[in-house]
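# Coordinate inspection notes
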Amino acid sequence: MDWPSKVISPDDLLWRARKALQSSYAPYSGFRVGSAILTTDDEIFIGCNVENAVLSLTICAERNAMTSLVQNATGKPVAIAVVCESGHECPPCGSCRQFLFEFNPDMLVVLESSGQISTKTLRDLLPSPFMTTPEGSFPE
Ligand code: THU
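Residues numbered from 1 in each chain as written. Predicted model: local features only at pLDDT ≥ 70, side-chain atom pairs only at ≥ 80, totals over all residues. Heavy atoms only, no water.

### Concerning the pattern of salt bridges
Short version of the rule: By salt bridge we mean one thing: a side-chain nitrogen of Lys or Arg within 4 Å of a carboxyl oxygen of Asp or Glu. Strands are runs of DSSP state E lasting at least 2 residues, helices are runs of H or I lasting at least 4, and numbering of each runs from the N terminus. In this scheme, a residue with accessible area under 20% of its type's maximum is buried, one over 50% is exposed, and one in between is partly exposed, where area comes from a 1.4 Å probe on protein chains only.
Under the criterion given, the structure shown has four salt bridges. For Lys120, the salt bridge identified is with Glu89, shortest N-O distance 3.4 Å. Separated by 31 residues along the polypeptide, Lys120 in strand E5 (residues 116–121) and Glu89 in the loop between strand E3 (77–83) and helix H3 (94–101) bring together distant segments of the chain. In this structure Glu89 comes out as partly exposed when scored by relative accessible area, which is 27%.

Laid out in structure tokens, this is it:
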């Protein structure tokens, strides 16, 4: 699996995700999540989970990072790191996989488990996404 940046490493991206986790607002679950997305222009966009008293309004860290990217980035997303504090891997939930797939099915997903880094593609994590148009003809 080829890493898409010469200047930002998987470790750098995980580090930014850990920093993002510090901003998590998770008073209901106590489960803090951080995420960082790398673009083709070597920019990084971060997000944390933000909960609400109306629990269904909670927004995941990955979707917060991606909405920031969509609003501000010049490049396309190529890798995302996701971290939590449990010591085990924190892969994106099903809704986030679907949400991220829209922007790059080949995005690399960087996870850590007790100091071990693993990298998968989003396509591996979501083999049968919902799509309204055939792949390759996403609106630009
Ligand atoms: N959460 C994320 O931030 N990302 C995911 O992919 C799954 C879950 C958050 C939502 C909620 O604030 C907490 O984790 C516990 O479910």
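### Re the site of the ligand
Quick reminder of the rule: When we say a residue is near a molecule or strand, we mean one of its heavy atoms is within 4 Å of it. Any pair of nitrogen or oxygen atoms within 3.5 Å is treated as a polar contact; in protein, a donor-acceptor pairing is required on top of that, and neighbouring residues in sequence qualify only through side-chain atoms on both sides. Per-residue and other accessible areas were derived by the Shrake-Rupley procedure at a 1.4 Å probe size, with only the shown protein chains allowed to occlude residues. Residues are grouped as follows: Ala, Val, Leu, Ile, Met, Phe, Trp, Tyr, Cys and Pro are nonpolar; Asp, Glu, Lys and Arg are charged; all remaining types, including Gly, are polar.
Taken together, Ser29, Phe31, Val33, Asn49, Glu51, Thr58, Cys60, Ala61, Glu62, Pro92 and Cys93 form the complete shell of residues around the ligand. Within the side chain of Asn49, one N or O atom sits 2.9 Å away from an oxygen atom of the ligand. Ala61 places a main-chain nitrogen or oxygen 3.0 Å from an oxygen atom of the ligand. Protein coverage of the free-state accessible area of the ligand, which is 370 Å², stands at 77%. Taken together, the residues of the shell around the ligand sort by class into six nonpolar, three polar and two charged.

### Let's talk about the packing of helix H2 (residues 61–72) against H3
Counted only if it meets this: Inter-axis angles, ranging from 0 to 180 degrees, are taken between N-to-C directions of lines fitted to C-alpha atoms, where helices are fitted over the stretch in contact. Angles below 35 degrees are treated as roughly parallel, those above 145 as roughly antiparallel, those between 65 and 115 as roughly perpendicular, and all remaining angles as oblique. What makes a crossing left-handed is the near helix being turned counterclockwise from the far one by less than a right angle; a clockwise turn instead makes it right-handed. For this analysis, residues touch if any pair of their heavy atoms sits within 4.5 Å.
Where H2 meets H3, the axes come as close as 9 Å, and the angle between the chain directions of the two elements is 20°. In terms of orientation, H2 and H3 fall into the roughly parallel class. As H2 runs across H3, the sense of the crossing is left-handed. Facing H2, whose interface residues are Glu62, Arg63, Met66 and Thr67, H3 presents Ser95, Cys96, Phe99 and Leu100. Split into classes, the residues belonging to the contact of H2 with H3 amount to four nonpolar, two polar and two charged.

### What to know about the packing of aromatic side chains
As a reminder, the rule being used: What counts as a ring pair is set by centres within 6.5 Å for rings of Phe, Tyr and Trp (its six-membered ring), and what kind of pair is set by the plane angle: stacked under 30 degrees, edge-to-face over 60, tilted for all other angles.
Enumeration according to the criterion identifies one aromatic pair in this entry. Measuring from centroid to centroid gives 6.0 Å for Phe99 and Phe103, while their planes differ by 55°, and the two rings are tilted. With a relative accessible area of 31%, Phe99 lands in the partly exposed category.

### Remarks on the state of the cysteines
Formally: In what follows, a disulfide is any cysteine sulfur pair within 2.5 Å.
Taken as a whole and assessed by the stated rule, the structure comprises zero disulfides. With no disulfide of its own, Cys90 lies 3.6 Å from the sulfur of Cys84, the closest cysteine sulfur. When its relative accessible area of 10% is taken as the criterion, Cys90 is described as buried. As a non-bridged cysteine, Cys93 has Cys96 as the owner of its nearest cysteine sulfur, 3.7 Å distant.

### Quick word on the environment of Gly34
Looking at the element boundaries, Gly34 is found in strand E1 (residues 34–39). Sequence separation of Gly34 and Gly75 is 41 residues, and the distance between their C-alpha atoms is 21 Å. In this structure, Gly34 is in contact with Ala17, Ala20, Leu21, Gly47, Ala61, Ala81, Val82 and Val83, ignoring residues within four places of it in sequence.

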